[in-house]
Each structure stands twice: as structure tokens, then as C-alpha cells.
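# Commentary on secondary and tertiary structure
Below are the chains, spelled out letter by letter.
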Amino acid sequence: AASASQGGASVNVRGGAGGAAAAKATGAEASDIEAEYAMLSQQLQPGSAPPPATLSAPAAQVVSPSQHGAPTFSLADDGDDDALEAESEDMHFASELRQPQIPPPLEHFTAEDLGLRQALQEFYLQYNPDNLVNLNTIVGKYAGRNVSHLWASLALKYDLPAREAIESLSRSTYGAAAYEYDNEDQGIHLEEALKELSGADAGKVSRTELLQRAIRRGASDGSDGLLRMLCFRGIPDESALRPQIWKALLGYLPMARHSEWGALQGEKRALYASYKQEMLSVSEDHQVEVQDAGAKTVELKELLQEIKNDVDRTRREFEFFRRPATRGALLALLFVYARLNPGVRYVQGMNEIGAVLLWVMSVDPECAEADAFWCFSELLVEIKEGFMQALDHTGEGVHGLVAGVTNLLRMYDPELARHLQRCDLPPVVFLVRWCTVLFAQDATLPDLVRLWDSFIGDPRRFQFVIHICLALIMSRRDDLMRTDKQFELAEVLQAAPREADFEVVLRKASAICAFERRAQTPPFPPKPKPQVVEDFSEWAENAARVAQEAALKASVTADNISRRLEETIAPAVVEKVGQAGDIVAVAASEAAQKAQVWLEETAPARKEVLDQASRHLSSLWTSVRATGAAAASRGERLAEEYKESGAAEAAAARLSGFSGTASSFWARTTAAAAAFAAEPSTPPGAARTPPAPASAPAAVPAAAAAGGSQARFAQQQPVPEAPQFVAPVAAAVAGPAAGPAASPKAAGVSQVPMLITADAIPEDEV
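Residues numbered from 1 in each chain as written. Predicted model: local features only at pLDDT ≥ 70, side-chain atom pairs only at ≥ 80, totals over all residues. Heavy atoms only, no water.

So, on to the overall build of the protein chain. Scanning the protein chain for helices and strands turns up 30 helices and six strands. The 766 residues of the protein chain split such that 41% are buried. For the protein chain, contacts bridging at least 24 residues in sequence account for 71% of all contacts bridging at least 6. With an accessible surface of roughly 40,300 Å², the protein chain has 53% of that area assigned to carbon and sulfur atoms. (Helix = DSSP H or I, 4+ residues; strand = E, 2+ residues; numbered from the N terminus. Buried < 20%, exposed > 50% of the residue type's maximum accessible area, 1.4 Å probe, protein only. Contact = heavy atoms within 4.5 Å. Areas by Shrake-Rupley, 256 points an atom, 1.4 Å probe, with all protein chains shown as cover.)

Another aspect to go through is the pattern of salt bridges. One pass over the structure, following the stated rule, counts 33 salt bridges. Between Glu306 and Arg345 there is a salt bridge, with the nearest N and O atoms lying 4.0 Å from each other. Taken as a pair, Glu306 in helix α12 (residues 297–311) and Arg345 in the loop between α14 (324–340) and α15 (350–361) lie far apart in primary sequence, 39 residues in all. Owing to a relative accessible area of 30%, Arg345 belongs among the partly exposed residues under this scheme. Taking the shortest distance from any N to any O, the salt bridge between Asp479 and Arg482 comes out at 2.7 Å. Note on Arg482: relative accessible area 62%, which makes it exposed. (Salt bridge = Lys/Arg side-chain N within 4 Å of Asp/Glu carboxyl O.)

This next bit is on helix α7 (residues 184–198). Between its terminal C-alpha atoms α7 stretches 21 Å, which fits the 21 Å expected from 15 residues at 1.5 Å a residue. Listed in full, the buried residues belonging to α7 are Gly187, Leu190, Glu191, Ala193, Leu194, Leu197 and Ser198. The buried residues of α7 occupy an angular sector of 165° when projected down its axis, which confines them to one face. Exposed and oriented more than 90 degrees from the buried face of α7 are Asp185, His189, Glu192, Lys195 and Glu196. The opening residue of α7, the one whose side-chain oxygen lies 3.1 Å from the backbone nitrogen of Asp185, is Asn183. One or two residues past the end of α7 sits Gly199, with phi positive at roughly 75°. (Expected span 1.5 Å × (residues − 1). Arc of directions from axis to C-beta. Polar contact = N/O pair within 3.5 Å; in protein donor to acceptor, adjacent residues only side chain to side chain.)

So, on to empty space enclosed by the protein. Taken as a whole, this structure holds two cavities of 30 Å³ or more when the rule is applied. Within this model, the second largest cavity holds a volume of roughly 40 Å³. If you go around the second largest cavity, the residues you meet are Gly144, Arg145, Val147, Ser148, Leu169, Thr173, Ala177, Tyr179 and Ala514. Counted by class, the lining of the second largest cavity contains five nonpolar, three polar and one charged residues. (1 Å grid on protein atoms, 1.4 Å probe; cavity = no way out; pocket = protein on both sides within 12 Å on 5 of 7 lines; lining within 4 Å. Points joined across faces, edges and corners; volume = space filled by probe spheres on them. Nonpolar A, V, L, I, M, F, W, Y, C, P; charged D, E, K, R; others polar.)

Another point: the layout of surface pockets. If you add up the space inside the second largest pocket, you get close to 1,400 Å³. Lining the second largest pocket are 45 residues, and of these Glu112, Tyr174, Gly175, Ala176 and Ala177 lie nearest its centre. Mapped onto the lining of the second largest pocket, the elements with two or more residues apiece are α3 (111–127), α7, α8 (207–221), α9 (225–232), α20 (445–457) and α24 (502–517). At five residues, α7 tops the list of elements feeding residues into the lining of the second largest pocket.

Now for the side chain of Asp458. Of note, Asp458 is situated in the loop between α20 and α21 (464–475). According to the relative accessible area criterion, Asp458 is buried, its value standing at 0%. Setting aside residues up to four positions removed in sequence, Asp458 forms contacts with Arg228, Phe232, Gln463, Phe464 and Arg517.

It is worth spelling out the nonpolar core at this point. Counting residues in each nonpolar core, the largest one holds 152 residues, and the members touching the most others are Phe439 and Trp452. Not counting residues within four places of it along the chain, the set of residues in contact with Phe439 comprises Trp434, Leu448, Leu451, Phe455, Val465, Ile468, Cys469, Leu472 and Pro497. (Core = buried A, V, L, I, M, F, W, Y, C linked by side-chain atoms within 4.5 Å.)

For the pair α3 and helix α4 (residues 135–142), interaxial distance at closest approach is 10 Å and the crossing angle is 130°. Between α3 and α4, the angle falls in the class oblique. Read as a crossing pair, α3 and α4 show a hand that is right-handed. Contacts between α3 and α4 pair Asp113, Leu116, Arg117, Leu120, Gln121 and Tyr124 from the former with Leu135, Asn136, Ile138 and Val139 from the latter. Residue classes in the contact of α3 with α4 are distributed as six nonpolar, two polar and two charged. (Axes fitted to C-alpha atoms, helices over the stretch in contact; angles between N-to-C directions. Parallel < 35°, antiparallel > 145°, perpendicular 65-115°, else oblique. Left-handed = near helix turned anticlockwise from the far one by under 90°.)

With respect to the helices and strands, Ser259 occurs in the loop between α10 (242–250) and α11 (261–279). For Ser259 and Gly222, which are 37 residues apart along the polypeptide, the C-alpha to C-alpha distance reads 9.8 Å.

Below, the structure is given as C-alpha cells:
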């Protein structure tokens, strides 16, 4: 026991065995310190070699003087100056390691100032100790409403996760700062009014007294701003002011009509009693029955039973809700509301909301039911969207709130958001219920009324529920990140409202609210670059997977279409195309020869007719070309539709119908040709005889220009006697296959004449 070894160090005891026993517990610790000092002194010496992995500390001596109390430690001395010099250097280095000097707080600092100062002190000790000397200056500059700007700037400067900024702000939020108002001028006005309301003894005025003063001030100026601000921060349970304040802020008893509160309250209570008497009958044992309503009686009984089933399950853990009178009152007010509001009617969950209001209003048992009914009606005016099925798939109401929570979670805790997404458990299922009934089904009743103080006092009317939801999810972050099993994650979220410390949740929600409703300069929280890359990577993965599936499906569809075309459609189309090509080629050749003769014989009359036809048909040809372009575009869209939708059957049906369309086109073309053939030989003013329709091939698709060698089929089809029409048209359709004589220029025609207007051929047939 007289010596201990630590890293090669030895402890020599002076003063006998008793001193050794006294120093046994501290010898090893002393040698640890000395070993560290020896290592540091070697590092500080110029030109010294790096210390070995294991160092031997100089010997330490335990001094146990009889007159100086507890034993002390000193570095051993071997008779030269080396040890003293090393000790001096060690002391200098140790002074550099000491905590920087922190100035004392200023005398006028409030408790909230001291809270901010403490949070900043912990922050700078970790991230920038040199700035500790500026603590008081920073507190003085950012105290109050600006504290959210401070933490946003610090988080951006030091690259802190947003959740850490929330934690820091939650510990240093100022209760007298109107951070819930996004209008800075309005917030500053309320802060000044609250300071004036508090008077010189601001630190000594109770919250109950402040609320009473705010009610009196609102009664005088008709404003509920101060009352709303104080309600947002919570109403003391012992004050018995909650029913009155809720009535005022919900609109049952408007502050602007404070002088009429008594009359308004009496009138509305009597009105509810008349509604109830008209619709329901209540026995002495509080059994509620529907009054006879003729043909609607059965339907109303079913409605009453539906509500009763839910009421019997409401808050059974509280003795208050097990009373027959309480259940009867809750059943009656819900039924009367459903009858008076057929557009909303009754939806499960309304019973939980009504129960909270009935419990708060029960301070006046005789009028609690009527007061709860009117508060319920006013509240549902603002949150009824969550109970309306027609708005389930819109961005309105509760679904807008849920989307807001999801977006904020991705911003403030992207890691947790991605974890829940990968586990395929988005919190939407729980968020819908939390937001729809304002936690009335999930939180304990004492926590719930405190939450509702903030919901009802929120100047943005129940938007604060978004921040509560986010704070609640983030409060269970460790439990959620610990598992990737859906069932366990669901259990954590389901139990969160009942197991959470809502004072902590409220502080974090207030911090989120302050960040969100501040003037976003600088914007916070920013979207981190790794998240952008990861989000894009996840999107790319999903897109690639979808594209791969679509490609596989398209491949199968293309095979089916190709096979069907080869088996059924293609042979017939190819045959018809060849036949039509032969017809056009033969007709073009013969008509070109006849056109030359005709031009020579009809020279005098030809010029006038052709000039007139050229002017008239030039515009028609432009229309036909435009119609053809539209048809080509439509064909491309149709092809894309086939490729994407895989509608092989529809493709086959449409393709098989093209032959009939082409036949119709040919018939109209030959009829127009006959009409034009008769025109030059008819004297001006003479009646014109309608031409007989020419026969047509079975099908002439647009691909007829491809030509063919089936002369046999061409000989079976009569060619119309219309050289002046057929020659240029055939030349335009057949192209080089018809030879030089078929060219419109060779025929002496400047424009290809055509009597087929755009209106004559429907677009779907083109």
C-alpha cells in the first residue's frame, strides 16, 4: 500500500505507514495528472521527439505534515533545475487549458435573460469559447422577440441540425414575446401593451391577475388581442377563468359585446333549451329519446343510436363521464347539432370534442350543456372540414394541416422523415386523427385542456396544431430511430400523446412556431445539399424502376401488336397498297398522254377555266396539305398512345378500319374528278350535268405512292375520263414513277388543282 504504479510512476510516502494509508486513494490519480503533465511538457520543449506510447511520469511525493492538515502532492526533485522548469511550463500550458473567463450577468437581467445566457454559454463552450466574453452583449441585443433570429443565425453559421436549434430555442423562448404573430408590427404592439398591463411590478404579477386585467382592458376597447396572447401561453387551472375565456375567443361571447354578455348568454341558453325540447325528450333518469317526427322518426332514431354508441365509450376513465347526466347532456347536444347542421351531420370523433367542452364548462353545472353546445358550434365552424368526406382528397382543412406537418418534418428532421419513409410508415394515419379532433382522442384530459388553450388562443386559428404534431413526433425520435419494424413504429406513434411530457412538447412547439412565423431573414431551416442529392437519388431510383416496368410492359404489348399485324392486318394492307399503286401508275401514264392532246385541242377555252380553277383550288390545296399535317400529327400521337397504353386490341381495330376510310376517300376523289372534267367544255352560263360516280378500288391508303406491279388489278378498274384533273393529281401522287409527262409543270399547270375541300374529308378519315 506504500506505493502504486501508473504508467511507470511511483509514489513515495513520507510520514510513515499512516501517511501511506491516507494517500492510498489519491496516489493513482496524482500519478495520472503528473503523467499528463510530463507528456505535455515534452511536447512543449523545442525540438523534442514525439512521446512514446507509454510514458513514465516523474516521481510524486506525498507530504503529510503534522501541522498543515491534508496531505499535498509535489513533483519530485532530483537536485537540478530541470524539474522546476518543466513544472513552470506545465503550469503555463494548464493556464491555456482553463475555461475562458465568463463575465458575470448584468444586474437588470430577468429570469428569461438568464435562461438565454445559460443556453448561449453552453453553446459557445462547445463551438466557440472565445465568444464567451460577449455573452451579455449578445443577450442584450437578441432578448425577447429576436431570439429566434439569433438561433437561426447560429444554426446556419455553425451548421447545426435544425432539431438542435429547436432544442436551444425551446430553452430560451421569452413568454412576453409575441412570437406567434407573423405580423411584426402587431407583435410589437401587443408586447408593449402587455408591458403596460403588467406595470412596474411585472415580475410579481400572477398569470391569473394578468388574465383578469386583459379581460377588463378588452371590455373597454373591444379588443381580444392581449387575452388571446395570454391564453396561448396557458390558463392556470386554479383561476377558473378558462370557461369565460374560451367563450370569448371562440365567439360565443364576443369581446366587442362585453357589455351584453349577460343578455347574450341568457338568450342563447334559452334558444338551445327550445331546440332540445322540440327534438328530444329526456326522462328523469336522463334517458334521451327522439320526439315524433313523422316519416323521419326512424331515421332520427338511428342517428341518435349512432351517437349514443360513441358517447357510451367516451372518456370512461373519468368518473364525470360515467354519470348518466353527463352522458345524456353530451348525447343531446351532439344530436341537436346534427339536426341543425345537416350538411355536416354527426361524424365519429365529434363526441370527443364535445366531451372536452362539456368538462370545461361544468364549472356551472346548470348551464354547462347549453354553453358547451354553443362553444361546440363555434368551434366546428372552423374545423368542420376535417369531418366532411367531400374534402378528403383536397388540400383544404385537416388535409392541409397534415401536409404541413409532413413538409415541416422533412425540413426540421430529414433523417427521421427518410427513416419513416423507408419503413413505409408515413405518420399520416396518426396525423389525420390528431389534427381532426385536436388530440381529443389521444391526450389525457389535463394535458388536452392546456393544449386547447394554445389552439384557441392561436391568432392563426388552430394552425398551431401543426407545430404540436411535429414536436410530438420529434420528442419520440430516439424510439422511432431505434427500430425499422412497422408495428413497433406504429406503437410508438400511437402512444406518443399519452406518454409525452406536454410541457416539453409545448416548449418545442413554441420554438418551431417562432422559427416558422419569424421574418425569414435568413431563411431557416435550409434544405441541406445531401438531402437534395438523396431526394433526387431516391426519385431517380423510383423513376428507373417505373421505367423498367413500363419498358417490359411495352415490350410485351409491342410483341402482341406485331404478331396481330402480321397475322391479320398486314397482309391485306400490303395487297391493297400494291393494287392502288398499280392503278395510280397506269392512270398517270395514260392521263399524261391524253392531257397533252387535250391541251392542244382546247387552248382557247383552257386559259380562262384554268386561271379560275387555279385561284380557287390553290387555297383548297393549302387546306388539304394542312389537314394532312394534322392527320400525320394525330397518327404520331396515336402511335405513342399504343406504345404507352398497351391497347393492342384497340390498335388492331383502328388499323383494320383504315382500308374502309381509304375507299371512301377514293370514291370522293373520282367524283370530284368527273365534276372537273365536265367544266371546261361547258359554255359560260350553261347548266352543268352532274357526273356519274366512278367506281373505286376497295382501299387506297395514304401509302399508295409506293407503287406496285399488279397491272392485272389496274385493268379491271375503269379510269375516269378526266385528263385535266387526273394528269396533275396522278403526277403529284405517283411522283417519279409516272414519268416526266405526268409532272404538273409539264402539263402547264402552276398549281395542282383539286376539288376536295378540307370540309369534304373528316379529319379522322384523313
